[in-house]
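A look at the structure
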Amino acid sequence: MNIRYILYLCSRVLLILALLLLLPLAVSVYYRDGCIPAFLIPIGIMMTLGLLFGIKKPPRGTLFAREGFAVVTLIWVLFSVLGALPFLISGAIPSFTDAFFETVSGFTTTGASILPAVEGLPKSILFWRQFMNWIGGMGVLALALALAPLDKDQHKKQDRSVGSDVYIIRAESPGPMFGKLVAKLRFNVQILYIIYACMTLVTIIFLLLGGMDLFDSICHAFAAAGTGGFSVRNASIGAYNHAYFDWVLSIAIMLFGINFNIYYFLLTKNFLNILKSEELRWYLIIIGASTGLIACNIFSTYGSVSTSIRYAFFQVTSIITTTGFSTVDFNLWPTFSKGILLLLMFIGACASSTGGGLKVSRCIILVKTAIKEIRYHLNPREVRTIRCDGNHVENAVVTNVSSYFVVYMLVFAASTFLLSLDPDHSLETCFSAVAACLNNIGPGLDGVGPMSNFSHFSDFSKWLLSADMLLGRLELFPMLALFHPAAWRK
C-alpha cells in the first residue's frame, strides 16, 4: 500500500473541495445569518491539510486498485467529518454523532435526517445540506477530477487507462461495469458533469417558472439532481401542495436516474445505442407498471384518477431513483402499495446515474443468470450465454454481480440484526431503516416513514446506519476490501 501517495492525492482533493465551501460561505455573507465562522474554519482545516500533505509529491507515484479503494474511502470519510463542522460550529446540530450522520446522508445522497424541523435553520446551513446532495450525486472525487487533474504527471500520459485516476473513478462509479465515452478519463468526467450541471440548471428554471422562489428552486434542484432528497421544508415537497412542482420534480428525478451515457449518446445522435439499452427499457417499464398498480390501489383513498396517478408517479420515481422526496405520507397507504415501494428501494436506478440501490442493470443480470441456471438443470448440454444490449456479458461481470449481491445481502442481514438491538423499534422500522440507508434512499416505513426522522435511534445505531450509507454509496467493495490483510501488504 503506497500510503504517502494516497495522502498526496487526498490532499489535492481536499484543496479542491475547500473551494466548494466558498459557495455556502457566500450565501452566509449574503443573508448575514452569522454562520461565516462555521465555513471559514473547515476551509482553513482543509487548506492546511492539503498544503501539509501535498506540498511535496512522493517519489513513487504508482496507484493500483487497492490504493484507489483507500483514496476513495479515506476522502469520503474525511470529508464527511470535515463537512459536519458547519453544523457543529453554527449550533444547528450540537451533537457530533448527529452532525456526522446528517453529513454522510448528504454526501451519499441518502436524504435520511435527524432534524425534526429544518425551516428555522440559517440559510447558509440549508444551502450546505442541499449542496452536499449535488456534490455527492456524481461523486466527490469525480467532481475533483473534473475541476483539476489529481496528478499532473499522470495526466500528461497519453494512455489514461494506466493512470491513477482510472482506479479512483472505477472505485467510486456506481454500477457493475465501468466504461469511458472518450479516450481520456478526465474529459469523460467533464462531459458527464457538463450534462449534470445543464440538467440541474434546467430544473431550476422550470421550478422558477412555477412560482417557487430562487433559493428554494436552487436547493430542490440540487437535491433532485443528486437524487438526495433533502428539502428546505419540513414537509418536503408536500409543503407546496402544487401539482406543477410534483410533476416537474418527479420527471427531473426520473431523468437523473437514467445512465448518463444515454445523454451523451443523445447529444452525439447515437440513437442505436439508446434503443439497444435494456436497462433503460426496463427502468421505464418498472416505473410505468409500478405507477399504474399503486394508482389503482390508492384510488379509493383519493377518489381521483389524476391525483392518484400524480402521487403514485411521484413516489415511484422518488423511491426507485433513491431520491426520497415525499408529497404524502405513503406510510399510510395500503400494504400492497408499500410493498411495491419497498421492492423499488432494492432495485434502484440505472448504473452510472446519481441514483442508488442494486441498480437495474444488476437486477437484469441476476434474473438472466437465474434463468440460465434453471435451463442448465433442464438441459445440461445446452450452451447458453448471458447477453445485455445485444452484447455478450463476460463471465467476470456475471461473477462480480453475483458476488456483489451475496455480500450485499450479508451486510443487509448483519445491519438489520445489529439495529434490532436498539430497543423500542419494530422489525419493520429496523428492516426499512437499513434498506433506506444501504440503498441511499432516506425515508423508510413505520418509524422512519416520510413524516418521521432518524433522531430517535441511539448513537450506536446512527454510526451503524452511517456506515451503511457509505457502504451503499461506494458499493461495498472499496470499503470492505480495506479490511482484508492483503490490501495492506507491500
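Data block above holds the structure.
Residues numbered from 1 in each chain as written. Predicted model: local features only at pLDDT ≥ 70, side-chain atom pairs only at ≥ 80, totals over all residues. Heavy atoms only, no water.

1. Here we look at the overall build of the protein
Rules: Per the convention used, a helix needs a DSSP run of H or I reaching at least four residues, while a strand needs a run of E reaching at least two, with both numbered from the N terminus. To get the radius of gyration, use the C-alpha atoms; to get the globule rule, take the number of residues to the power 0.38 and multiply by 2.2 Å. Residue exposure (1.4 Å probe, protein chains only): buried if accessible area is under 20% of the type maximum, exposed if over 50%, otherwise partly exposed. By definition in these notes, contact holds between two residues if any of their heavy atoms fall within 4.5 Å. Shrake-Rupley sampling with a 1.4 Å probe provides the accessible areas, and residues are treated as covered by the protein chains on show and by no other component. For the purpose of counting charges, residues Lys and Arg are taken to be positive, whereas Asp and Glu are taken to be negative. His and the chain ends are not included. Think of each charge as sitting on NZ of Lys, CZ of Arg, CG of Asp or CD of Glu.
Counting secondary structure elements, the protein contains 23 helices and two strands. In terms of overall size, the protein behaves like a compact globule, its C-alpha atoms giving a radius of gyration of 22 Å where 490 residues would be expected to give roughly 23 Å. Residue burial in the protein is summarised as follows: out of 490 residues, 57% are buried. Of the contacts formed within the protein by residues at least 6 apart in sequence, a portion of 72% connects residues at least 24 apart. Carbon and sulfur atoms make up 67% of the accessible area of the protein, which amounts to about 20,100 Å² in all. With 35 positive and 27 negative side-chain charges, the protein shows a spacing of 12 Å between the two charge centroids.

2. A few points about helix α7 (residues 123-138)
Stated precisely, the cut-off is as follows: Helix span, as expected, comes to 1.5 Å for every residue beyond the first.
Along its 16 residues, α7 runs 24 Å from first to last C-alpha, staying within 8% of the 22 Å computed at 1.5 Å per residue. Of all 16 residues making up α7, 15 are buried, and the element is well covered by its neighbours. Taken from the residues just after α7, Gly139 is the one with a positive phi, measuring 115 degrees.

3. Thoughts on the packing of helix α16 (residues 278-302) against helix α18 (residues 335-347)
The criterion, for reference: Axis lines are fitted to C-alpha atoms, over the contacting stretch for helices. Their N-to-C directions set the angle, which ranges from 0 to 180 degrees. Geometric relationships in this document are graded by angle, where less than 35 degrees denotes roughly parallel, more than 145 denotes roughly antiparallel, 65 to 115 denotes roughly perpendicular, and other angles denote oblique. Crossing chirality is assigned from the near helix's rotation relative to the far helix, an anticlockwise turn below a right angle marking it left-handed and a clockwise turn marking it right-handed. Residues are grouped as follows: Ala, Val, Leu, Ile, Met, Phe, Trp, Tyr, Cys and Pro are nonpolar; Asp, Glu, Lys and Arg are charged; all remaining types, including Gly, are polar.
The interhelical angle for the contact between α16 and α18, taken along N-to-C directions, is 160 degrees, at an axis separation of 9 Å. The pairing of α16 with α18 is recorded here as roughly antiparallel in orientation. In the crossing of α16 with α18, the sense of the turn from one axis to the other is left-handed. Of the residues in α18, those in contact with Ile286, Ser290, Leu293, Ile294, Asn297 and Ile298 of α16 are Phe336, Ser337, Ile340, Leu341, Leu344 and Ile347. For the contact of α16 with α18, the residue count by class is nine nonpolar, three polar and no charged.

4. So, the pattern of salt bridges
Going by this rule: Basic side-chain nitrogens of Lys or Arg form a salt bridge, by our definition, when they fall within 4 Å of a carboxyl oxygen of Asp or Glu.
What the rule picks out here adds up to seven salt bridges. For Arg129, the salt bridge goes to Glu102, with nearest N and O atoms at 3.0 Å. Taken as a pair, Arg129 in helix α7 and Glu102 in helix α6 (residues 96-107) lie far apart in primary sequence, 27 residues in all. As far as the burial class goes, Arg129 and Glu102 line up, both buried. Residues Lys368 and Glu278 are paired through a salt bridge, measuring 2.8 Å at the closest nitrogen-oxygen approach.

5. Focus on the packing of helix α2 (residues 22-31) against helix α3 (residues 36-54)
At a minimum axis separation of 9 Å, α2 and α3 run at an interaxial angle of 160 degrees. Between α2 and α3, the crossing angle belongs to the class labelled roughly antiparallel. Relative to α3, α2 is oriented so that their crossing is left-handed. Where α2 abuts α3, its residues Leu22, Pro24, Leu25, Ser28 and Val29 lie against Ile36, Phe39, Leu40 and Ile43. A breakdown of the residues in the contact of α2 with α3 according to their chemical character gives eight nonpolar, one polar and no charged.

6. Focus on unusual backbone geometry
Phi is positive for Ser236, close to 55 degrees, though the residue is something other than glycine. Note that Ser236 resides in the loop between α12 (214-225) and α13 (243-256).

7. Observations regarding α16
Since the α-helix turns once every 3.6 residues, residues separated by three or four places project in the same direction. What counts, and what does not: A residue's bend is given by the angle between axes fitted to the 7 residues ending at it and the 7 residues starting at it.
Taking 1.5 Å per residue, 25 residues should reach 36 Å; α16 reaches 35 Å between its end C-alpha atoms and fits that length. Roughly 35 degrees is the biggest bend found in α16, and it falls at Cys296. Looking at α16, one finds that the buried residues are Glu278, Glu279, Leu280, Tyr283, Ile286, Ile287, Ser290, Thr291, Ile294, Ala295 and Ile298. Directly after α16, the chain includes Gly303, whose backbone phi takes a positive value near 70 degrees.

8. Brief notes about the environment of Glu475
For Glu475, the location among the structural elements is in the loop between α22 (459-473) and α23 (477-480). Overall, the relative accessible area of 7% leaves Glu475 in the buried class. Separated by 37 residues in sequence, Glu475 and Leu438 place their C-alpha atoms 9.2 Å apart.

9. Observations concerning the nonpolar core
Condition: We define a nonpolar core as any set of buried Ala, Val, Leu, Ile, Met, Phe, Trp, Tyr and Cys residues linked to one another through side-chain atoms lying within 4.5 Å.
Among the nonpolar cores identified, the biggest contains 150 residues, and Trp128, Phe260, Leu344 and Phe454 are the most heavily contacted of them. Of all the elements, helix α1 (residues 3-20) adds the most residues to this core, at 11 residues. Not counting residues up to four positions away in its chain, the partners in contact with Phe260 are Met138, Leu192, Ile195, Tyr196, Met199, Ser352, Ser353 and Thr354.

10. Notes on the packing of aromatic side chains
Short version of the rule: Stacked, tilted and edge-to-face are the three classes assigned to paired rings of Phe, Tyr and Trp, where Trp is represented by its six-membered ring and a pair needs centres within 6.5 Å; plane angles under 30 degrees give stacked, over 60 edge-to-face, the rest tilted. By the criterion adopted, a ring carries a charge over it if an Arg CZ or a Lys NZ lies within 6 Å of its centre and within 35 degrees of its normal.
According to the stated counting rule, one finds 35 aromatic pairs in the structure shown. Measuring from ring centre to ring centre gives 5.6 Å for Tyr193 and Tyr196, while their planes differ by 80 degrees; the resulting arrangement is edge-to-face. Separated by three residues within a single helix, Tyr193 and Tyr196 lie in helix α11 (residues 185-209), roughly one turn from each other. Residue classification places Tyr193 among the buried positions, given a relative accessible area of 7%. The positively charged end of Arg129 is found above the aromatic ring belonging to Phe230, 3.9 Å away from the centroid. In this structure, Arg362 is placed above the aromatic ring of Tyr404, and the distance from its NZ or CZ to the ring centre is 3.8 Å.

11. Some thoughts on the side chain of Thr203
Formally: We define a polar contact as two N or O atoms separated by no more than 3.5 Å, with the added condition that, inside protein, one atom must be a possible hydrogen donor and the other a possible acceptor, whereas residues neighbouring each other in sequence contribute only through side-chain atom pairs.
As for its position among the elements, Thr203 is in helix α11. A relative accessible area of 6% places Thr203 in the buried class. At 2.9 Å, the side chain of Thr203 and the backbone oxygen of Met199 are in polar contact. Apart from residues no more than four positions distant in its own chain, Thr203 is found in contact with Ala221, Leu249, Ala252 and Phe256.

12. Quick look at a nonpolar patch on the surface
Going by this rule: Patch membership requires more than 30% relative accessible area and the absence of a salt bridge. Residues of like charge join within 9 Å; the nonpolar side chains Val, Leu, Ile, Met, Phe, Trp and Tyr join within 5 Å.
A surface patch of nonpolar side chains, about 540 Å² in accessible area, is lined by Ile3, Leu7, Leu52, Phe53, Leu74 and Trp488. Of all the secondary structure elements, the ones that give two or more residues to the nonpolar patch are α1 and α3. Secondary-structure assignment places Leu52 in helix α3.

13. Observations concerning the side chain of Ser290
Along the chain, Ser290 turns up in helix α16. A distance of 2.8 Å separates a polar atom in the side chain of Ser290 from the backbone oxygen of Ile286. Discounting chain neighbours no more than four positions away, the residues touching Ser290 are Val316, Ile340 and Leu344.

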